Amino acid sequence: MGKNAFNLAEDARYDPKYGINGRVKKGEFSIDGKSWNYRDPQNKDSNEQYQADRRGDNGSAEDNWSKNAYQYTNPLYDYSYGQVRDAAKATGITNVNSQGEVDQLLKQIRGENKPKAEEFKDDFVKKKVKPKPPVYGPKKSFTYNPDTQAAFDREEARQAKSKSQAASTTSSQISNAAQTEPSVTTDFKSNIKKSLKPNLAYSLDNAAETLREKFMGQP
């Protein structure tokens, strides 16, 4: 068995967060092939400034972050190991080694990731499905129908006949009234004349009698 083939699972020191010398088991979450702790920018074991301070080298100009850390993976360390590991499981990432995978994990942690099926559907729709132009039905046109036309004609004839009958009745009534009125008027005037003659004669006789009595004293 080679020196790099030792059984990590049986090693009492093994913790997937730390690994052993940065190494993790196959299938365990890792960052560019190393453990979470190994790539931690705050890992004091690989922080040159921390090591210099321990040596008493206060004038050194070493960087105050782990030399094994990557700048593009450092945003992951704003979250806990458990959060990032679970996000990696949810997205199917085992080993983080690109900016795109870092972005995907951050979206998953922040709740910005869509389910894979939905993401696939959106991509498919955008790439494959082209919007179709609206489909309009044919314009409706008038269609001649003999039965409908005959019905219209009958209705028009009925209305014309009704108007004609009404006009004829009115005309007849007016004519009859015109013919009847002169005879009625003539009879009325004749009666008046007849009634006036005896009345007038009586009145004259009565007036003469009254005058004789008053002036002549004779009955």
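Once a new chain begins, its residue numbering starts again from 1 and follows that chain's sequence as written. Two thresholds apply to this predicted model, a pLDDT of at least 70 for residue-level local features and 80 or more for giving and counting side-chain atom pairs, whereas whole-chain, interface and lining totals are computed over all residues. Side-chain numbers here rest on the full set of heavy atoms in the structure, without hydrogens or water.

A. Seen up close, the overall build of the protein chain. The secondary structure content of the protein chain amounts to five helices and two strands. Start at the N end of the protein chain and walk to the C end: the helices and strands fall as β-α-α-β-α-α-α. When the accessible area of the protein chain is evaluated, it comes to approximately 17,400 Å², of which 52% is carbon and sulfur surface. Elements are defined by DSSP. Helices are runs of H or I of four residues or more, strands are runs of E of two residues or more, and each kind is numbered from the N terminus. With residues, only the protein chains shown are counted as cover, and all accessible areas are computed by Shrake-Rupley using a 1.4 Å probe.

B. Representation of the packing of aromatic side chains in the model. Aromatic rings from Phe, Tyr and Trp, with only the six-membered ring used for Trp, were paired whenever their centres fell within 6.5 Å, and each pair was classed as stacked if the ring planes differed by under 30 degrees, edge-to-face if by over 60, and tilted otherwise. By the definition in use, this model includes four aromatic pairs. Between Tyr70 and Tyr72, the aromatic rings sit 5.7 Å apart at their centres with planes inclined by 10°, giving stacked as the arrangement. Only protein chains enter the accessibility calculation, which uses a 1.4 Å probe; a residue whose area is less than 20% of its type maximum is buried, one above 50% is exposed, and one in between is partly exposed. For Tyr72, a relative accessible area of 25% puts it in the partly exposed group. Clustering of aromatic rings is evident, with ring pairs tying together Phe29, Trp36, Tyr77 and Tyr81.

C. Region of the structure containing the nonpolar core. If you look at the biggest cluster of nonpolar residues, it comprises 14 residues, and the most contacted ones within it are Phe29, Ile31, Trp36, Leu76, Val84, Val96 and Leu105. In terms of residue count, the dominant contributor to this core is helix H2 (residues 81-91) (four residues). In plain words, nonpolar cores are sets of buried Ala, Val, Leu, Ile, Met, Phe, Trp, Tyr and Cys residues tied together by side-chain atoms within 4.5 Å.

D. View of the side chain of Thr91. Tracing the backbone shows Thr91 in helix H2. Within the structure, the side chain of Thr91 is placed 2.9 Å from the backbone oxygen of Ala87, a separation counted as a polar contact. Definition of a polar contact: a pair of N or O atoms within 3.5 Å, with one able to donate and the other able to accept a hydrogen when the atoms are protein atoms, and with sequence-neighbouring residues admitted only if both atoms are side-chain atoms.

E. A look at helix H3 (residues 99-110). By this rule the span expected of a helix is its residue count minus one, scaled by 1.5 Å. Between its terminal C-alpha atoms H3 stretches 17 Å, which fits the 16 Å expected from twelve residues at 1.5 Å a residue. Among the residues of H3, those classed as buried are Val102, Leu105 and Leu106. Projected down its long axis, H3 carries its buried residues within an arc of 100°, all on one side. In this structure, the buried residues of H3 make contact with H2 and strand E2 (95-96). Within two residues after H3, Gly111 carries a phi angle of roughly 75°, on the positive side. Starting at the helix axis, one direction is taken to each C-beta atom, and the arc is that of these directions. We call two residues contacting when some pair of their heavy atoms lies within 4.5 Å.

F. Structural view of the pattern of salt bridges. Here a salt bridge means any side-chain nitrogen of Lys or Arg lying within 4 Å of a carboxyl oxygen belonging to Asp or Glu. If you walk through the whole model with that rule in mind, you get three salt bridges. Linking Asp32 and Arg39 is a salt bridge whose minimum nitrogen-to-oxygen distance equals 3.7 Å. Accessibility expressed as a relative area gives 30% for Asp32, which makes it partly exposed. Taking the shortest distance from any N to any O, the salt bridge between Asp86 and Arg85 comes out at 3.2 Å. Given the relative accessible area of 28%, Arg85 is considered partly exposed.

G. Highlighting the packing of H2 against H3. For the pair H2 and H3, interaxial distance at closest approach is 9 Å and the crossing angle is 105°. Taken together, the axis directions place H2 and H3 in an arrangement best described as roughly perpendicular. Here H2 contributes Gln83, Val84, Ala87, Ala88, Ala90 and Thr91 to the contact with H3, which in turn contributes Gln104, Leu105, Gln108 and Ile109. The residue makeup of the contact of H2 with H3, split by class, is six nonpolar, four polar and no charged. Think of each axis as a best-fit line through the C-alpha atoms, taken over the contacting stretch in the case of a helix, with angles from 0 to 180 degrees between the N-to-C directions. An angle counts as roughly parallel when it lies under 35 degrees, as roughly antiparallel when it exceeds 145, as roughly perpendicular when it falls between 65 and 115, and as oblique in every other case. Three categories are distinguished: nonpolar for Ala, Val, Leu, Ile, Met, Phe, Trp, Tyr, Cys and Pro, charged for Asp, Glu, Lys and Arg, and polar for the others, with Gly belonging to the last.

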